[in-house]
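An overview of the molecular structure
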Amino acid sequence: VPRSCLPPRVLTTASVGLAMFSGSLFSTVFFPRASASTDRPRLWRGLWRAWRFALVPSFLAFTLAQGVVLILMGRAAFSLEPRRIALFALCSCVVLMQTSLGQVIGAEGVRGARLGLLMSLAMGGLNLAGSLALIPRWGIEGAVAAMTVSYAVGLAWLRLVGRRYLHDWAAA
């Protein structure tokens, strides 16, 4: 395999796949707690504060995971491309952050599930459009960029509506 033809599966498994697994693990533990909480606005603020501290260590962990996988697969076959590794690590962080914060909103029952469905559809459409536009130009990096942008939009959406929704729900 030429050094420039790094299989997407290698980086995806070592970063985005790990982020999605971590998100599922987080959901298994956190969702019941969020559902049982009577003070979800406090939980929401605490999770945002936690992400201020967890973002850099998460980025470093995803970067390290990719590096280890690439080294184990053989440096002769696969190059350690810092820009690509950083892009996958960034995508992984955004995916994990959006997934974890979405759990608080999802714990709100039908109204939260409705918002989650709407966000998933919008993010999926944006990811598809971005992939169609960027993959022909940038290959796997275009796919990761499209995914990063779609999850970042979902994260910004959560940030914009989360407090209002949680405040409205707390007042109801």
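Residues numbered from 1 in each chain as written. Predicted model: local features only at pLDDT ≥ 70, side-chain atom pairs only at ≥ 80, totals over all residues. Heavy atoms only, no water.

**Concerning the overall build of the protein chain**
Counting its regular elements, the protein chain contains 5 helices and 0 strands. For the protein chain, buried positions account for 41% of its 172 residues. Counted over contacts in the protein chain with a minimum sequence separation of 6, partners at least 24 positions apart contribute 81%. If you sum the accessible surface of the protein chain, you get close to 9500 Å²; carbon and sulfur atoms cover 69% of it. (Helix = DSSP H or I, 4+ residues; strand = E, 2+ residues; numbered from the N terminus. Buried < 20%, exposed > 50% of the residue type's maximum accessible area, 1.4 Å probe, protein only. Contact = heavy atoms within 4.5 Å. Areas by Shrake-Rupley, 256 points an atom, 1.4 Å probe, with all protein chains shown as cover.)

**A look at the confidence of the model for the protein chain**
When pLDDT is averaged along the protein chain, the result is 81; 84% of the residues meet or exceed 70. Between the elements of the protein chain, mean pLDDT differs from a low of 68, seen in helix α1 (residues 8-36), to a high of 92, seen in helix α4 (residues 110-138). (pLDDT = per-residue confidence, 0-100.)

**Brief notes about the packing of aromatic side chains**
For the structure on display, the rule yields 1 aromatic pair. When the ring of W44 is compared with that of W48, the centres are 6.0 Å apart and the planes differ by 75 degrees; the resulting orientation is edge-to-face. Here W48 and W44 lie together in helix α2 (residues 40-73), a separation of 4 residues that amounts to about one turn. An identical accessibility class is assigned to W44 and W48; each is buried. Its end group placed over the ring of W48, R159 keeps NZ or CZ at 4.4 Å from the ring centre. (Phe/Tyr/Trp six-rings, centres within 6.5 Å; stacked < 30°, edge-to-face > 60°. Lys NZ or Arg CZ within 6 Å of the ring centre and 35° of its normal.)

**Topic: the pattern of salt bridges**
Overall, the coordinates contain 3 salt bridges when judged by the stated rule. Across the pair R83 and E141 runs a salt bridge, and its minimum N-O distance is 2.7 Å. Taken as a pair, R83 in helix α3 (residues 82-106) and E141 in helix α5 (residues 140-171) lie far apart in primary sequence, 58 residues in all. Exposure remark for E141: the relative accessible area of 12% places this residue in the buried category. The salt bridge partner of R84 is E141, with a shortest N-O separation of 3.3 Å. Of the two residues, R84 sits in helix α3 while E141 sits in helix α5, which places them 57 residues apart along the sequence. (Salt bridge = Lys/Arg side-chain N within 4 Å of Asp/Glu carboxyl O.)

**Overview of the packing of α3 against α4**
Axis separation between α3 and α4 bottoms out at 8 Å; the angle between their running directions is 145 degrees. Of α4, the residues touching α3 (which contributes Q98, I105 and G106) are G112, L115, M119 and M123. Of the residues contributing to the contact of α3 with α4, the split by class is 4 nonpolar, 3 polar and no charged. (Axes fitted to C-alpha atoms, helices over the stretch in contact; angles between N-to-C directions. Nonpolar A, V, L, I, M, F, W, Y, C, P; charged D, E, K, R; others polar.)

**Notes on the environment of I105**
Relative to the assigned elements, I105 resides in helix α3. Counting along the chain gives 70 residues from I105 to S35, while the straight-line C-alpha distance between them is 9.5 Å.

**Description of a positive patch on the surface**
Judged by side-chain charge, R33, R42, R45, R49, R52, R159 and R163 come together as a positively charged surface patch. Going through the elements one at a time, α2 and α5 are the ones with two or more residues in the positive patch. A per-element tally of the positive patch places α2 first, with 4 residues. Take R159: its relative accessible area is 38%, and that puts it in the partly exposed class. (Patch = residues over 30% accessible without salt bridge, like charges linked within 9 Å, V, L, I, M, F, W, Y side chains within 5 Å. Lys, Arg positive; Asp, Glu negative; His and termini not counted. Charge placed at Lys NZ, Arg CZ, Asp CG, Glu CD.)

**Things to note about α4**
If you check α4, its first and last C-alpha atoms are 39 Å apart, about what 29 residues at 1.5 Å a residue would give, namely 42 Å. Along α4, the sharpest kink reaches roughly 30 degrees, centred on S131. What α4 keeps buried is the set G112, L115, M119, M123, G130, S131 and L134. In the stretch just after α4, G139 is the one whose phi turns positive, near 65 degrees. (Expected span 1.5 Å × (residues − 1). Bend = angle between axes of the 7 residues up to and from the residue.)

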